[in-house]
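Structure at a glance
Letter by letter, the chains look like this.
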Amino acid sequence: MAVMIETRDLTYTYPAPEGETNPPALRDVSVQIEKGSFTVVLGHNGSGKSTFAKHLNAVLLPCGGAVYVDGMDTRDEKLLLEIRRRTGMVFQNPDNQIVANVVEEDVAFGPENLGVPTAEIRRRVDDALAAVGSSYTLMTFLTSILLGLCMGSGAAVSMQYGSGEEARMRQSVFQSFVLIAGMALALNVLVYLGLGGILWVLRVPEKIIPLMKEYLRIIFLGITATFLYNYFANLLRAIGNSVVPLLFLAVSAVLNVILDLVCVLVLHWGVRGAAAATTFSQFVSGIGIGLYTLKKFPQLCPKKEDCRWDKQNLATILNLSVMTSVQQSIMNFGILMVQGLVNSFGTVIMAAFAAAVKIDSFAYMPVQDFGNAFSTYVAQNYGAGQTDRIRKGIRSAGLCSAAFCIVISVLVCAFAAPLMGIFIDPAETAILAAGVHYLHIEGACYLGIGILFLLYGYYRAVNQPQMSVVLTIASLGTRVALAYLLSATPLGVTGIWLSVPIGWALADAIGIGYYLKKHRAKYAVQA
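A brief structural summary. Quick caveat: nothing in here was measured; it's all calculated off a predicted structure.

1. Some thoughts on the overall build of the chain
Tallying secondary structure elements over the chain gives 18 helices and 4 strands in all. In terms of overall dimensions, the chain has a C-alpha envelope of 95 × 65 × 50 Å along the principal axes. For the chain, contacts bridging at least 24 residues in sequence account for 75% of all contacts bridging at least 6. Summed over its atoms, the accessible surface of the chain is roughly 25,400 Å², and 65% of this surface lies on carbon and sulfur atoms. Looking at charge distribution, the chain has the averaged site of its 38 positive side-chain charges lying 14 Å from that of its 34 negative ones.

Printed below as a string of structure tokens:
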């Protein structure tokens, strides 16, 4: 094999204060590393491992001897860019790989060090972030279908767990797993066959379609992994264990960050690398939580006699799962339609929306999970017939969620610009201004979505998932209709942002009104 890296009598001594001397960190090191081989350098702290590695991509230059990378002398400044095109360095701590204060600058770091012209770097960064940002909304819609099915089956298992029906619960696990696995497979096939049509509906700008296709062809593989994680996570939550799903999610997130850096900065795979890192991380968490659940909670593992189709049990699962899936998919389909409208305003608004939506989603994610936990609590008590505990839970959950939403609203509105600055270069003033404008409108109204998540959870838990669908249609129907109507007025893109909290408020009014009406009628009958 050809020699890729060679050191000849490499010696290096770190600079010392005037009048002092340091011992050599490396002395007369000679080694050859062949192309395609794997080499491990072992040694205790301070033995010179990092010093040696930093010579291989010319971060450090020899004090004595020489280093050659693919035949190029690292001391030749003219060859520096070519050398760094062939060698990279991955540090053991992910935070050491983050070299800039904002995402845009971090993405630009690689091509900048490869000598790509500034104008070309700007074009590549904008296109890549726009492609990945728009893909996020599409993937959220697709996975929401499976998430809804998993949440619905989790509610069924939670009710049966609360009522002590273990045999029926195991049967539900078998039936729901087969049902949702089949749906995940069908969804995977459909999205690959219809990718071109999907991008046309989203009105994706022509120049970033190739990047989006490249990214989505890999990220779509993660649909199965998303099903596995969400299915077993909802099973565990159904029996009151919400810590383990969080741990596996954290492992996946950290692994995703590390692999993103490796695939993009070291392997130079671009958006393909980002997609591959995400997909692999999802499979790690999905398979991992599945194996953990089957081993640690045998009461959830179907026995041979449970692996059969029971029409009555299947009807219960389908009622909860399909309705919850319809609710989730309608919600995200509405967001997808809004994404198409946003795309029509150009790449500045696209980039602002992509960054602001991530901040938005992160800000209210805790109340979404709070709504799911509340749903599990209500479902278990509904199965056990503990209506008094449900009423107490509603009061406590409402107060906690409202307090949290108000605090988050204040923080997001106050720090909208610094939050956008995490993703966007300060020089991109137009993108920053559009994102801050979005967050000032949405961020002020998180109380609306906090209440809505509790209503979704409540109606799913008391076996009325159709009411969750009604609320979703009210919220998203209003949002989409108003977004298209108001954006055509002088309000422009502001009309799109205003449509969101209006939709939340309408759905909240319907959900609370229906709850009060049902309970007044119930007490009137009892009286």
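That covers the picture; the talk isn't over yet.
2. Quick look at the side chain of threonine 87
Of note, threonine 87 is situated in the loop between helix 2 (80-86) and helix 3 (103-113). Among the residues examined, threonine 87 registers a relative accessible area of 15% and is labelled buried. Of note is the side chain of threonine 87, whose polar atom sits 3.4 Å from the backbone oxygen of leucine 56. What threonine 87 contacts, discounting residues up to four positions off in sequence, is Leu56, Asn57 and Val69.

3. Concerning the nonpolar core
For soluble globular proteins, nonpolar side chains are generally found buried alongside one another. One finds Met420, Leu439, Tyr446, Tyr458, Leu471, Ile496 and Trp497 to be the most contacted residues of the largest nonpolar core, which totals 61 residues. Broken down by element, this core gets its largest block of residues, 14 residues, from helix 12 (residues 347-384). When residues no more than four places from it in sequence are discounted, the contact partners of leucine 471 are Leu452, Leu455, Tyr456, Tyr459, Ala507, Ile510 and Gly511. In this structure, Ile145, Met169, Leu199 and Phe227 belong to the second largest nonpolar core, which totals 38 residues.

4. Examining helix 7 (residues 209-219)
Every α-helix carries 3.6 residues per turn, so stepping three or four residues along brings you back to the same face. Every buried residue of helix 7 is listed here: Ile209, Met212, Tyr215, Leu216 and Ile219. End-on view of helix 7: buried residues confined to an arc of 130°, all on one side of the axis.

5. Side note on the pairing of strand 3 (residues 64-69)
For strand 1 (residues 3-12) and strand 3, the ladder comprises 5 bridges, and the chain directions are antiparallel. Bridging from a neighbouring strand, glutamate 6 pairs with tyrosine 68 of strand 3. Connecting strand 3 to the antiparallel partner strand 4 (residues 72-73) that follows it, the hairpin turn spans 2 residues, and aspartate 70 within it adopts a positive phi of roughly 55°.

6. Describing the state of the cysteines
Counted according to the given criterion, the structure contains 0 disulfides. Not engaged in a disulfide, the cysteine cysteine 400 finds its nearest cysteine sulfur in cysteine 405; these two sulfurs lie 11 Å apart. Residue cysteine 400 is classed as partly exposed on the basis of its relative accessible area, which comes to 45%. Left unpaired, cysteine 413 is separated from the closest cysteine sulfur, that of cysteine 445, by 8.0 Å.

7. Focus: unusual backbone geometry
A positive phi angle, near 65°, is found at alanine 58, a position not held by glycine. Among the structural elements, alanine 58 can be located in the loop between helix 1 (49-55) and strand 3. For aspartate 70, which is not a glycine, the phi torsion comes out positive at approximately 55°. Residue position: aspartate 70 is located in the loop between strand 3 and strand 4.

8. Quick look at the packing of helix 12 against helix 16 (residues 446-461)
If you want to describe how two helices pack, look at the angle between their axes and the distance between the axes. Viewed as axis vectors pointing N to C, helix 12 and helix 16 meet at an angle of 25°, and their least axial separation amounts to 8 Å. With respect to their mutual orientation, helix 12 and helix 16 come out roughly parallel. Our pair here, helix 12 against helix 16, has a crossing hand that is right-handed.

9. Quick word on the packing of helix 16 against helix 17 (residues 465-487)
Relative to each other, helix 16 and helix 17 sit at 155°, their axes nearing to 7 Å. Overall, the two elements helix 16 and helix 17 adopt an arrangement that is roughly antiparallel. Crossing hand, helix 16 versus helix 17: left-handed. Here Leu452, Leu455, Tyr456, Tyr459 and Arg460 of helix 16 come into contact with helix 17, specifically with Pro465, Met467, Ser468, Leu471, Thr472 and Ser475. Partitioning the contact of helix 16 with helix 17 into residue classes produces 7 nonpolar, 3 polar and 1 charged.

10. A closer look at the pattern of salt bridges
According to the stated counting rule, one finds 8 salt bridges in the structure shown. Across the salt bridge formed by arginine 8 and glutamate 6, the nearest N and O atoms sit 3.1 Å from each other. Between arginine 86 and aspartate 70 there is a salt bridge, with its nearest N and O atoms 3.0 Å apart. Of the two residues, arginine 86 sits in helix 2 while aspartate 70 sits in the loop between strand 3 and strand 4, which places them 16 residues apart along the sequence.

11. A look at the sheet that holds strand 4
The sheet built from 4 strands is open, its strands ordered 2-1-3-4 with antiparallel pairing. Since the sheet does not close on itself, it has two edges, and those belong to strand 2 (26-34) and strand 4, each with one partner.

12. So, the environment of leucine 193
Within the secondary structure layout, leucine 193 lies in helix 5 (residues 166-193). Take leucine 193: its relative accessible area is 70%, and that puts it in the exposed class. Measuring from C-alpha to C-alpha, the distance between leucine 193 and asparagine 113 comes to 38 Å, with 80 residues separating the pair along the chain.

13. Considerations on the packing of aromatic side chains
This structure, assessed with the given rule, holds 18 aromatic pairs. Considering the side-chain rings of phenylalanine 177 and tyrosine 231, the 5.4 Å spacing of their centres and the 75° angle between planes classify their relative orientation as edge-to-face. A residue pair is termed long-range when its members are at least 10 positions apart, and phenylalanine 177 in helix 5 and tyrosine 231 in helix 8 (residues 222-238) qualify at 54 residues. For phenylalanine 177, a relative accessible area of 29% puts it in the partly exposed group. Given the relative accessible area of 2%, tyrosine 231 is considered buried. When the ring of phenylalanine 453 is compared with that of tyrosine 456, the centres are 6.4 Å apart and the planes differ by 65°; the resulting orientation is edge-to-face. With a gap of 3 residues between them, phenylalanine 453 and tyrosine 456 both fall in helix 16, about one helical turn apart. A relative accessible area of 3% places tyrosine 456 in the buried class. Members of the aromatic cluster, each reached through a chain of ring pairs, are Phe177, Phe227, Tyr231 and Phe232.

Criteria and cut-off values
- Residues numbered from 1 in each chain as written.
- Predicted model: local features only at pLDDT ≥ 70, side-chain atom pairs only at ≥ 80, totals over all residues.
- Heavy atoms only, no water.
- Helix = DSSP H or I, 4+ residues; strand = E, 2+ residues; numbered from the N terminus.
- Contact = heavy atoms within 4.5 Å.
- Areas by Shrake-Rupley, 256 points an atom, 1.4 Å probe, with all protein chains shown as cover.
- Lys, Arg positive; Asp, Glu negative; His and termini not counted.
- Charge placed at Lys NZ, Arg CZ, Asp CG, Glu CD.
- Buried < 20%, exposed > 50% of the residue type's maximum accessible area, 1.4 Å probe, protein only.
- Polar contact = N/O pair within 3.5 Å; in protein donor to acceptor, adjacent residues only side chain to side chain.
- Core = buried A, V, L, I, M, F, W, Y, C linked by side-chain atoms within 4.5 Å.
- Arc of directions from axis to C-beta.
- Pairing = 2+ DSSP bridges.
- Disulfide = S-S within 2.5 Å.
- Axes fitted to C-alpha atoms, helices over the stretch in contact; angles between N-to-C directions.
- Parallel < 35°, antiparallel > 145°, perpendicular 65-115°, else oblique.
- Left-handed = near helix turned anticlockwise from the far one by under 90°.
- Nonpolar A, V, L, I, M, F, W, Y, C, P; charged D, E, K, R; others polar.
- Salt bridge = Lys/Arg side-chain N within 4 Å of Asp/Glu carboxyl O.
- Phe/Tyr/Trp six-rings, centres within 6.5 Å; stacked < 30°, edge-to-face > 60°.

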